[in-house]
Structures are given as C-alpha cells and as structure tokens.
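Structural characterization, general
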Amino acid sequence: MKLAEALSIRKDLQMRIQHLEMRIKNNVKVQEDDEPLEDPHELMKELHSCLVQLEELIGRINLTNIKTKNEDGLSITQLMAKKDTLTLRIGILRNIYNEASNILNRYSPTEIRQECVIDVKQLSKQIDDCSSRLRKLDMEIQGLNFMTELV
C-alpha cells in the first residue's frame, strides 16, 4: 500500500470514529420503556476496532515518514515540520500585512497621526515568496506520498 493510500484511509477512519461517537451519544439514553435505534454496545465494539486500526495505521505512517527521504536527505517528517512552520510564517506575515496596510482616517487635525514603519510592498513580496515555497514543498511531499510504500 502506498503512503498516500494510507493517509486517505486514516482520514476515513477518523471520520468514521467521529460518526460512531455521534451515533453512540444518540443511543445511550432513551425514554423509559423505549429501545435505542442502535445497540450502543455494538457501536462501542465497532469504535474500539476502528481506534485499534487507527493506532496501527498512524504508527506505520509515522515510521514511513521518518524513514522516507527526499533527494536532499530530509525525511517526510522533516518536510512536514518545514511545511507547518512555513504555513505559520505565512499566516503571521499576512496578519502583519493586514495591520500595516490598514489606513486610519483622522477626523480632525488634533488627532494623532499614525505612520507605517515597515515596507508593505516588501512584506507582500515576502508573503508571495513564502507561498510559492509552500506550494513547492507541498507538491514534493505529495509526490513522495504517492511513490512511497507504507512500512
């Protein structure tokens, strides 16, 4: 099985677990003398089975991510860390950009005038550069996911 397929199965299992939780919660209480629509004990067994499968799959995915290296010798785990911090950097820079480009109108000459002390154009270029690097990094990770066999 390819890593990309395992990631898809992991996502499906996570959604199935959430759905099972909801179904269990909907069937643990009934009105007096009524029966639940579904047996919560059977649902709990199914939930347990899904959680066991998820735990095994996550372990295998993590091992695969650690062992799989790109051409530069970086593991998928390291690439994902780069992706996460780059995504965080872009978010922060966009927030700073929005604050810096927000122009406040003065209503009277006595109000204090505010000036932007950073180069907004340069910040915008930095955001674009980071976004481009993020897209390339994401494509590299996706490519590795589709070529790599799950451990």
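Presented here is a report on the structure given in the accompanying data block. (Residues numbered from 1 in each chain as written. Predicted model: local features only at pLDDT ≥ 70, side-chain atom pairs only at ≥ 80, totals over all residues. Heavy atoms only, no water.)

1. As for unusual backbone geometry
Selection criterion: Helix numbers and strand numbers start at the N terminus; a helix is a DSSP run of H or I with at least 4 residues, a strand a run of E with at least 2. Think of it in three bands: residues with accessible area under 20% of the maximum for their type are buried, residues over 50% are exposed, and the middle band is partly exposed, with areas taken using a 1.4 Å probe on protein chains only.
Even without being a glycine, D33 presents a positive backbone phi close to 70°. Of note, D33 is situated in the loop between α1 (3-27) and α2 (40-67). Under the relative-accessibility criterion, D33 is labelled exposed at 76%.

2. Some thoughts on a nonpolar patch on the surface
In plain terms, the rule: Residues forming no salt bridge and having over 30% relative accessible area are the ones grouped into patches, like charges within 9 Å of each other and nonpolar side chains (Val, Leu, Ile, Met, Phe, Trp, Tyr) within 5 Å. Areas reported as accessible are Shrake-Rupley estimates using a 1.4 Å probe. Residue values count occlusion only from the protein chains shown. Any carboxyl oxygen of Asp or Glu within 4 Å of a side-chain nitrogen of Lys or Arg constitutes a salt bridge here.
On the surface, a nonpolar cluster with roughly 480 Å² of combined accessible area is contributed by L88, I92, I96, V117 and I118. Locating L88 in the fold gives a position in helix α3 (residues 76-101).

3. Focus on helix α4 (residues 120-147)
The criterion, for reference: Helix span, expected: 1.5 Å multiplied by one less than the number of residues in the helix. Here a polar contact means two N or O atoms within 3.5 Å. Within protein one must be a hydrogen donor candidate and the other an acceptor candidate, and residues neighboring in sequence count only if both atoms are side-chain atoms.
Across its 28 residues, α4 extends 41 Å between first and last C-alpha, which sits within 8% of the 40 Å expected from 1.5 Å per residue. Every buried residue of α4 is accounted for by L123, I127, C130, S131, L134, L137, I141, L144 and N145. Near the N-terminus of α4, the side chain that reaches the backbone nitrogen of K121, with its oxygen 3.1 Å away, is that of D119.

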